[in-house]
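In case you want the letters, here they are:
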Amino acid sequence: FLDVANPTRYVIKNVVPANATVTRKIEFADIGTWSSGTGLRMRAAPVLGNGQSTQRSICAEQCRPGYFRNRIATDSACCWSCVRCADHNHAPNNTVNSCTPCPASMTANGERTACVPLAQSYIAFSNAVGGFTMALAALGLISTVVVIVVFLKHSATPLVVASSRELSSCLLVGFVLSYLLTIPFFLPPTAASCGLRRFGLGFTLSLCLSALLVKTNRISRIFNRRMGAGRPKYTTPAWQLVFTACLVSVEVIIL
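Conventions we followed
Residues numbered from 1 in each chain as written. Predicted model: local features only at pLDDT ≥ 70, side-chain atom pairs only at ≥ 80, totals over all residues. Heavy atoms only, no water. Helix = DSSP H or I, 4+ residues; strand = E, 2+ residues; numbered from the N terminus. Buried < 20%, exposed > 50% of the residue type's maximum accessible area, 1.4 Å probe, protein only. Contact = heavy atoms within 4.5 Å. Core = buried A, V, L, I, M, F, W, Y, C linked by side-chain atoms within 4.5 Å. Axes fitted to C-alpha atoms, helices over the stretch in contact; angles between N-to-C directions. Left-handed = near helix turned anticlockwise from the far one by under 90°. Nonpolar A, V, L, I, M, F, W, Y, C, P; charged D, E, K, R; others polar. Phe/Tyr/Trp six-rings, centres within 6.5 Å; stacked < 30°, edge-to-face > 60°.

*Asks:* Got a minute to help me understand the overall build of the protein in this structure?
*Replies:* The secondary structure content of the protein amounts to five helices and nine strands. Going from N to C terminus, the protein has its helices and strands arranged as β-β-β-β-β-β-β-β-β-α-α-α-α-α. Split into buried and exposed, the 255 residues of the protein put 25% on the buried side. At a minimum sequence separation of 6, the contacts of the protein that also span at least 24 residues come to 43%.

*Asks:* I keep staring at the nonpolar core and nothing clicks. Help me out?
*Replies:* Residues Cys 170, Leu 171, Leu 207, Cys 208, Ala 211 and Val 248 constitute the largest nonpolar core, which totals six residues. Counting only elements with at least two residues in this core, the list comes to helix H3 (165-180) and helix H4 (191-223). Take this core: its biggest share by element is three residues, from H4. Each residue touching Leu 171, except ones within four places of it in the same chain, is listed here: Cys 208, Ala 211 and Leu 212. Membership of the second largest hydrophobic core comes to five residues, among which are Phe 68, Ala 91, Val 96 and Cys 99.

*Asks:* Even after reading the chapter, I still don't get the packing of H4 against helix H5 (residues 237-254), so can you show me in this structure?
*Replies:* The angle between the axes and the distance between the axes are what describe a pair of packed helices. Interhelical geometry of H4 versus H5 gives an angle of 145 degrees and a closest axis separation of 9 Å. The way H4 lies across H5 gives a crossing that is right-handed. Where H4 abuts H5, its residues Phe 199, Gly 202, Phe 203, Ser 206, Leu 207, Ser 210, Ala 211, Leu 213, Val 214 and Arg 218 lie against Gln 240, Phe 243, Thr 244, Leu 247, Val 248, Glu 251 and Val 252. By residue class, the composition of the contact of H4 with H5 is ten nonpolar, five polar and two charged.

*Asks:* It is not clear to me how the side chain of Thr 33 should be interpreted in this structure. Could you clarify?
*Replies:* Along the chain, the position of Thr 33 falls in strand E2 (residues 26-35). In this structure, Thr 33 is in contact with Arg 9, Tyr 10, Val 11, Ile 12, Gly 39, Leu 40, Arg 41 and Arg 43, ignoring residues within four places of it in sequence.

*Asks:* Where do I start with unusual backbone geometry in this structure?
*Replies:* Negative phi values dominate among residues other than glycine, just as trans dominates among peptide bonds. At His 88, a residue that is not glycine, the phi angle is positive and equals roughly 65 degrees. Tracing the backbone shows His 88 in the loop between strand E5 (80-84) and strand E6 (89-90). Of note in this structure, Arg 112 is not a glycine but carries a positive phi near 60 degrees. Among the structural elements, Arg 112 can be located in the loop between strand E8 (106-108) and strand E9 (115-117).

*Asks:* Looking at this structure, how should I read the packing of H3 against H5?
*Replies:* Following both chains from N to C, one finds H3 and H5 inclined at 35 degrees, their axes separated by 8 Å at the closest point. Counting all contacts with H3, which are made through Glu 166, Leu 167 and Cys 170, the residues of H5 involved are Pro 237, Gln 240, Leu 241 and Thr 244. Looking at the contact of H3 with H5 residue by residue, the class counts come to four nonpolar, two polar and one charged.

*Asks:* What should I look at first to understand the side chain of Ser 35 in this one?
*Replies:* By the element assignment, Ser 35 lies in strand E2. Judged by relative accessible area, Ser 35 falls into the buried class, the value being 11%. Beyond its immediate sequence surroundings of up to four residues, Ser 35 is in contact with Thr 8 and Arg 9.

*Asks:* I would appreciate a short explanation of the environment of Pro 184 in the present structure.
*Replies:* Summarising the element assignment, Pro 184 is placed in the loop between H3 and H4. What makes Pro 184 buried here is its relative accessible area of 5%. Taking C-alpha positions, Pro 184 is 7.6 Å from Cys 194, a pair spaced ten residues apart along the chain. Every residue in contact with Pro 184, bar those within four places of it in the chain, is listed here: Ser 193, Leu 196 and Arg 197.

*Asks:* Which parts of the structure should I look at to understand the packing of aromatic side chains?
*Replies:* The description of an aromatic ring pair uses the distance of the two centres, along with the angle that the planes make with each other. What the rule picks out here adds up to three aromatic pairs. Between Trp 239 and Phe 243 the ring centres are 5.8 Å apart and the planes differ by 35 degrees, which places this aromatic pair in the tilted class. Here Phe 243 and Trp 239 lie together in helix H5, a separation of four residues that amounts to about one turn. The partly exposed category is assigned to Trp 239, whose relative accessible area is 38%. A relative accessible area of 32% places Phe 243 in the partly exposed class.

Have a look at this one:
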C-alpha cells in the first residue's frame, strides 16, 4: 500500500564502463530518481554498452518475408521465433503465423515469398535419348510399312488367307500406332499430349495382344478339332473381329 507519509523513492543507476584510473571494469552512475510523490525524474539519458542511447522494448524482431511467426508461448502476442517456410510453401509478408501451400502446378520461389509455375521437364527430340528412341521408332515404322505393302500385294494368296487377313491387319495397324505413339512422349506436356500418351499406350498394346490371342485361339481350335468334325464355330473372320473388338473395348473402358 502507498504510504503518503513515507513515500517510496528509488535511485536509477546506469552500469557504465569505469574510468581508466580505477581498477574496476564497471561503475554505477546515478541518472535519475523515482518517487511516489514526484514520479520519474531523469538527469541523464541511459548509455548502453553498444553505444545506443535508448533501449528497444521488444521480445522478438520482425520476421523476414519467407518466414512465419512461431509463437514461443500460446498466451504471448509479441514473442515468437522466425521459421523459414518449407518447400512448396510461401509467406508473402512478415506478419503471418503460418505458411501458405502453393497450388499443385506451382512451387515457391527461392525466397519463399511467392508461388511460381513449375518448370517443365521432359525429354525433347533434341535430347540424345529422344533422338535415339525416335530413330528406333522410325526404323520400326518403315519396316512395318514395308510388311503392309507386301501383305496387301499378296493378300489373295492361300498363305495370307490361311493366316487370317483380318486379324493380321489389326496386328499391323497396332504396330503402326505403337511406333507413332512415340511422338507424344517427346512433346511438351499438355492436356492433349498427356491424354494421348495414357490412352494410346493402353489401346495399341491391347489391340496387338487381342489380335494375337484371338488368332492363336482360332488356329488351336482348327488344328485340335476331332477327325471328321466340321469347321469349329465362331472361327469366321467376322467373329474374329468381334472377339478382338470386345477384348479391346475392355481396355478402353478401363482407360
